[in-house]
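# Structural overview
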Amino acid sequence: MTKKKIVLLDGNSLAYRAFFALPLLTNDQGIHTNAVYGFTMMLQNILEEEKPTHMLVAWDAGKTTFRHKTFEEYKGGRQKTPSELSEQFPYLRKMLKAYNIPQYELDQYEADDIIGTLSHQGDKEDYEVVVISGDKDLTQLTTDRTTVFITRRGITDTEKYTPDHVVEKYGIQPHQIIDMKGLMGDSSDNIPGVPGVGEKTALKLLKEYGSIEEIYASLDKITAKRLNENLTKYEETAYMSRDLATIVVDAPITISIDDLSYSGPNMDELINIYQELKFNTLLEKLGGTPIEEKQEDVEVTTVTEIDESLLSNEMALHIEMMDENYLRANIEGVSLTDDSRTLYLPFEVVQKSDTFQTWLKDDTKKKLCTDSKAARASLARHGIDVNGIDFDLLLGSYIVNPSTSSTDVASIAKQFGYTNVQQDETVYGKGARKALPESDVLAEHAGRKALAVWHLRTTIEEQLKENEQFDLYHELELPLALILGKMESTGVATDKEALAKIGTELSARITDLETLIYDIAGEKFNINSPKQLGVILFEKIGLTPIKKTKTGYSTAADVLEKLASEHEIISHILLYRQLAKLNSTYIEGLLKEIHEDGKIHTRFQQALTTTGRLSSINPNLQNIPVRLEEGRKIRAAFVPSEEGWSLFAADYSQIELRVLAHMSEDEKLIQAFKDNADIHRSTAADVFGVDVDEVTAEMRDAAKAVNFGIIYGISDYGLSQNLNITRKEAAQFIDTYLASFPGVKQYMDDIVQTAKEQGYVTTLLNRRRYLPEIKSSNFNLRSFAERTAMNTPIQGSAADIIKQAMIDMDARLEKEGLQARMLLQVHDELIFETPEEEIEILEKIVPEVMEAAIALNVPLKVESSHGKSWYDMK
DNA sequence: CGTCTCACG
DNA sequence: ACGTACGTGAGACGC
């Protein structure tokens, strides 16, 4: 006979856990689903891992319980359940019903008591019992047959309490946990306990005396004066607190454990609920399918010859490629529509059609597309020009809401209520099974995308106009796409041999370090594995772990630096890490990305970041090392593409702080920039109350960190981590800073308030970011949204400024008839390649254009440099 | 595929 | 009491 196993779940506690662990998800009806989703994930996990024969979810019943008769204020002072959570309870119950999992609640009793009673029964009747909750109180139920799982961070991760684990963790037996609670109380349940007694004292007392009774019997042996006084004074409270914390094991339940057998869900019902809640991943796991949006039929004609009569003055087009990297991908074909007819042109047809290519090039023929940069850059590789692009779905939807990270036409379209197009993944498959479909399927897919673009234009443009963002979209992002496309196609010449040579030297040093580290450790292990490294450092060598991660010991650099004086191995590991990173990411990684033309062609993602910045991928050229000399040498491999040319760079000095000065209108900050002061030094002088020339290097460093903190939406904890000082000292710094810059303080308060009122924040050019979580009752989510409200206008406005500068710069280069080309943007810096004879002109016009991009009430300052490689720029 | 670590602004 | 600095991308590991 198979052993009987019952799983008992604390419904309210787990729902709370799931709710707070996950961001607020909603289904298409606007109903919040995060608690149901989290609960379901947890349930799914438990079913798979524990394979129970019996199950129950216990719920708290109503407001009052028998405990309130003992102590009126029991669970007093609790925040009431957020409505976003309470609205989810009916769905939770429905979901559990579909699982065929019994649910039970009992008037005057809490879920704990139901669980306690049943686990007690199960224990006696030879069941294996598993109790699952987010509340550590339940660990008192632990026995040889009852294991208590307490959720850890996240939702599916649990800590498993067996009697051994309780002893190991607390040094007391499970039955003593109620004595511990009695002594220390529980603030979340408003159980008082004995004042001045926390977990540590409670455990110490119990280890020595065993129980509250024994403690009071030996009260005269407790010599600590305050403790003795408090114990004496609060004896009654201690006993009452223990009673409150004691879970009932004989509640008058009307069910019996044998009624709770579990034999699996009702699949149809479950699929229905998942569909209603839009739990698509869970649906697929069950073998169900998400509700297919009905796709209207479309007629897509594949053409082999283009006639002018097929082309009109305004059409949507889509360049179909299987690989998302349009700088390398094969073009399969081009779809075209003006809604009267939809065409698909296999790429061979495009290539040999002068008629079509002339149409593409004609500026007066307007084109609508998604990702105009990809369209232009991919065709440019085949010498085909596209002009007259007047709508870009990707950019438009990004400006409407930068937080929705979809790039696929189908997902974008769906956000705007258009469902007549399929996901790329549906058509091509994913992972190893990704492949080209039949040509008619491909033609239809590409045709549907063009149709989606055509139909969404009005919707999106109207919304942009309504939000006063049409200019940002049409005069900034759209022209910028063209410029970025040119930069990507131009690429950056890379000296392969130089990279390889640095790589050889690095490899040799890495091998030496490996040998040395193995030698010191006394064994071989994988230094790149944080897990293995943790075992060596904290178990074998016995260093003290400073920080933990979800999965074990943290071995991050800041942790290792604190341990450096403890053991010689640390410095070698830090160096190894540094060199290994350089070798794998920057030597091997970059070598793989050099195209046949000897250049690296990064792609700038223009519709990705939530703040309006660009990002750079395949490879990322915005994070090439610079801070440490070892890494900085990598930059020597980036060179001009032509003989007699140089690289030229220009960067904004302190652009984000200048934006802050402008937006906050803080007089002192504005004056400092008008005086062209060293801003960190002048901040230090203010914060430390000394003269500018009395500021020490340490004071300047601290002020610099505070300045960064202000930009990031400061918190005392964050600053304390950064400066390696106590939280209190950090808080003091911040107070002094804000007192010294009252305009900044006012701005920070105002922006958070504005975000709460209107639901979003904006930048100089009216870029928006929505912050729904700023109203969350979850402290973490809310705090994060508040910091974002402070940071996004600053970071985003700086992004606006450099984007405008790029557009102006491109026009200026053209106007001056210069050969110099823009190659890269690194957030506050532009990099060009240029014939040497143009350097002098660039030194004049680049700062001029960048400084004039957008007028602020402080001057913008740009510094430039040039050299024979990215390393040599001075 | 998620986690950790680390490179940049 | 909570558990954090803001914004990114990539490589290695280990399930």
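Here goes a summary of the coordinates provided. Computed from a predicted structure; not experimentally measured. (Residues numbered from 1 in each chain as written. Chains lettered and ligands numbered in written order. Predicted model: local features only at pLDDT ≥ 70, side-chain atom pairs only at ≥ 80, totals over all residues. Heavy atoms only, no water.)

### Structural notes on the pairing of strand E11 (residues 366-369)
Counted only if it meets this: Only when DSSP finds a minimum of two bridges between them are two strands counted as paired. Numbered from the N terminus, helices here are DSSP runs of H or I no shorter than four residues, and strands are runs of E no shorter than two. A clockwise path from the first strand over the helix to the second, with the strands pointing away from the viewer, defines a right-handed crossover.
Relative to E11, strand E8 (residues 314-321) is paired through three bridges, and the arrangement is parallel. If you follow Met-315 over to E11, its bridge partner there is Lys-367. Regarding the hand of the β-α-β motif, the stretch spanning E11, helix H17 (residues 372-380) and strand E12 (residues 389-392) is right-handed.

### Description of the pattern of salt bridges
Quick reminder of the rule: Should a side-chain nitrogen of Lys or Arg be within 4 Å of a carboxyl oxygen of Asp or Glu, the pair is scored as a salt bridge. Accessible area is worked out with a 1.4 Å probe on protein chains only. A residue is then buried under 20% of its type maximum, exposed over 50%, and partly exposed in between.
Within the structure shown, the criterion is met by 46 salt bridges. In this structure, the salt-bridge partner of Lys-633 is Glu-629, at a minimum N-O distance of 3.3 Å. Judged by relative accessible area, which is 41%, Lys-633 ranks as partly exposed. On the basis of relative accessibility, which here comes to 39%, the residue Glu-629 falls in the partly exposed class. With its nearest N and O atoms 3.1 Å apart, the salt bridge here joins Asp-749 to Lys-745. With a gap of four residues between them, Asp-749 and Lys-745 both fall in helix H34 (residues 742-758), about one helical turn apart. Where salt bridges share partners, they join Glu-314, Asp-390, Arg-457 and Glu-461 into one cluster.

### Side note on the protein's contact with DNA strand C
The test is simple: Nearness is judged by heavy atoms alone; a residue qualifies as near a molecule or strand once a single heavy atom is within 4 Å of it. We define a polar contact as two N or O atoms separated by no more than 3.5 Å, with the added condition that, inside protein, one atom must be a possible hydrogen donor and the other a possible acceptor, whereas residues neighbouring each other in sequence contribute only through side-chain atom pairs. Throughout, the ten residues Ala, Val, Leu, Ile, Met, Phe, Trp, Tyr, Cys and Pro are labelled nonpolar, Asp, Glu, Lys and Arg are labelled charged, and all others, Gly among them, are labelled polar.
Close to DNA strand C lie 39 residues, the nearest being Asn-526, Ser-529, Lys-531, Ser-615 and Asn-618. Put simply, 60% of the atoms of DNA strand C that lie within 4 Å of the protein are in sugar or phosphate. A distance of 3.1 Å separates a sugar or linking oxygen of DNA strand C from a polar atom in the side chain of Gln-795. At seven residues, helix H35 (residues 779-816) tops the list of elements feeding residues into the surface near DNA strand C. Among the residues making up the surface near DNA strand C, the classes are represented as 10 nonpolar, 23 polar and six charged.

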